[in-house]
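# Descriptive analysis of the structure
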Amino acid sequence: MTFTFRPVDPSADAALLHSWVTHPKAAFWMMQDATLQDVERAYQEIAADEHHHALLGLADGAPAFLMERYDPALRELTGLYEPLPGDVGMHFLTPATDTPVHGFTKAVITAVMAHLFEDPAVERVVVEPDVRNKAVHALNEAVGFVAEREIDKPEKRALLSFCTRERFAEAVAA
């Protein structure tokens, strides 16, 4: 399976993204009650933001997951940790499916991390998943993230975790 990435087109992708982010499996995405217009508006705002980018992940050319890349010093984590040069924040979402493929989500997060580290300016990836999201904590650990501490964000209690380029390389080589 080959993964590629393209920018989200807020208008063209809104219906697909709406079906993903409002599904009960995506509860930690915190858009359960969003309307189609809410989703389109949210991704229009991201598209207009130079410090936040949404990408659609394609598996063999078909839409398969969503990822967001952001500057954690200016979005999401402003004032909640001490950013370092080369930090990039990341979110990812694999949609619910009736035909799960074993290992797919781990392959997705591995592809997302590899994509982020293709940028030579990226030294460390920062994530802040909900403390209750045990499944994503395990995935994060599998690709090299180390949890630092819990933090309080306006919308959730989060587990602040970091993954360096070196840690990622070691994790995927193991």
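Here the structure is a predicted model, which means the values were calculated and not measured.

### Section: the overall build of the protein chain
Broken down by element type, the protein chain carries five helices and seven strands. Overall, the protein chain shows an N-to-C arrangement of helices and strands of β-α-α-β-β-β-α-β-α-β-β-α. Counting only C-alpha atoms, the protein chain reaches 35 × 35 × 30 Å along its principal axes. Looking at the protein chain as a whole, 44% of its 174 residues qualify as buried. For the protein chain, the accessible surface area stands at approximately 9,000 Å², while carbon and sulfur atoms represent 55% of it. When the 15 positive and 27 negative side-chain charges of the protein chain are each reduced to one mean point, those points stand 4 Å apart.

### Notes on the pattern of salt bridges
On inspection of all chains with the given rule, the structure shows 13 salt bridges. As a salt-bridge pair, Arg157 and Asp152 come within 2.8 Å of each other at their nearest N and O atoms. Across the pair Lys153 and Glu155 runs a salt bridge whose closest N-O atoms are separated by 2.9 Å. When salt bridges that share partners are traced, they join Glu76, Glu128, Lys153, Glu155 and Lys156 into one network.

### Quick notes on the side chain of His52
Take His52: it is sitting in strand S2 (residues 52-59). Polar contacts involving the side chain of His52 include one to the side chain of Glu68, which spans 2.8 Å.

### Focus on unusual backbone geometry
Positive phi, normally seen in glycine, also occurs at Met30, with a value near 60°. Here Met30 lies in the loop between helix H1 (10-21) and helix H2 (36-47). At Glu76, a residue that is not glycine, the phi angle is positive and equals roughly 70°. Following the sequence through the fold, Glu76 ends up in the loop between strand S3 (62-70) and strand S4 (87-93).

### What to know about the nonpolar core
Met90, Phe92, Val112, Met113, Val125 and Phe145 are the most contacted members of the largest nonpolar core, which totals 26 residues. Those elements giving two or more residues to this core turn out to be S2, S3, S4, helix H3 (104-117), strand S5 (124-127) and helix H4 (134-142). Per element, the largest residue contribution to this core is eight residues, and it comes from H3. Those residues in contact with Phe92, other than ones at most four positions away along the chain, are Trp29, Leu66, Met67, Thr105, Val108, Ile109, Val112, Val136 and Leu139. One finds Trp29, Ile46, Leu58 and Leu66 within the second-largest nonpolar core, a separate group that totals 16 residues.

### Here we look at the sheet that holds S4
The strand order across the open sheet formed by seven strands is S1-S2-S3-S4-S5-S7-S6, and the pairing between neighbours is mixed. One side of each edge strand has no neighbouring strand; the edge strands of this open sheet are strand S1 (3-7) and strand S6 (146-153). Direction aside, the axes of adjacent strands within the sheet are offset by 30° on average. Direction of pairing for S4 relative to S5: parallel, over a ladder of three bridges.

Calculation criteria
Residues numbered from 1 in each chain as written. Predicted model: local features only at pLDDT ≥ 70, side-chain atom pairs only at ≥ 80, totals over all residues. Heavy atoms only, no water. Helix = DSSP H or I, 4+ residues; strand = E, 2+ residues; numbered from the N terminus. Buried < 20%, exposed > 50% of the residue type's maximum accessible area, 1.4 Å probe, protein only. Areas by Shrake-Rupley, 256 points an atom, 1.4 Å probe, with all protein chains shown as cover. Lys, Arg positive; Asp, Glu negative; His and termini not counted. Charge placed at Lys NZ, Arg CZ, Asp CG, Glu CD. Salt bridge = Lys/Arg side-chain N within 4 Å of Asp/Glu carboxyl O. Polar contact = N/O pair within 3.5 Å; in protein donor to acceptor, adjacent residues only side chain to side chain. Core = buried A, V, L, I, M, F, W, Y, C linked by side-chain atoms within 4.5 Å. Contact = heavy atoms within 4.5 Å. Pairing = 2+ DSSP bridges. Axes fitted to C-alpha atoms, helices over the stretch in contact; angles between N-to-C directions.

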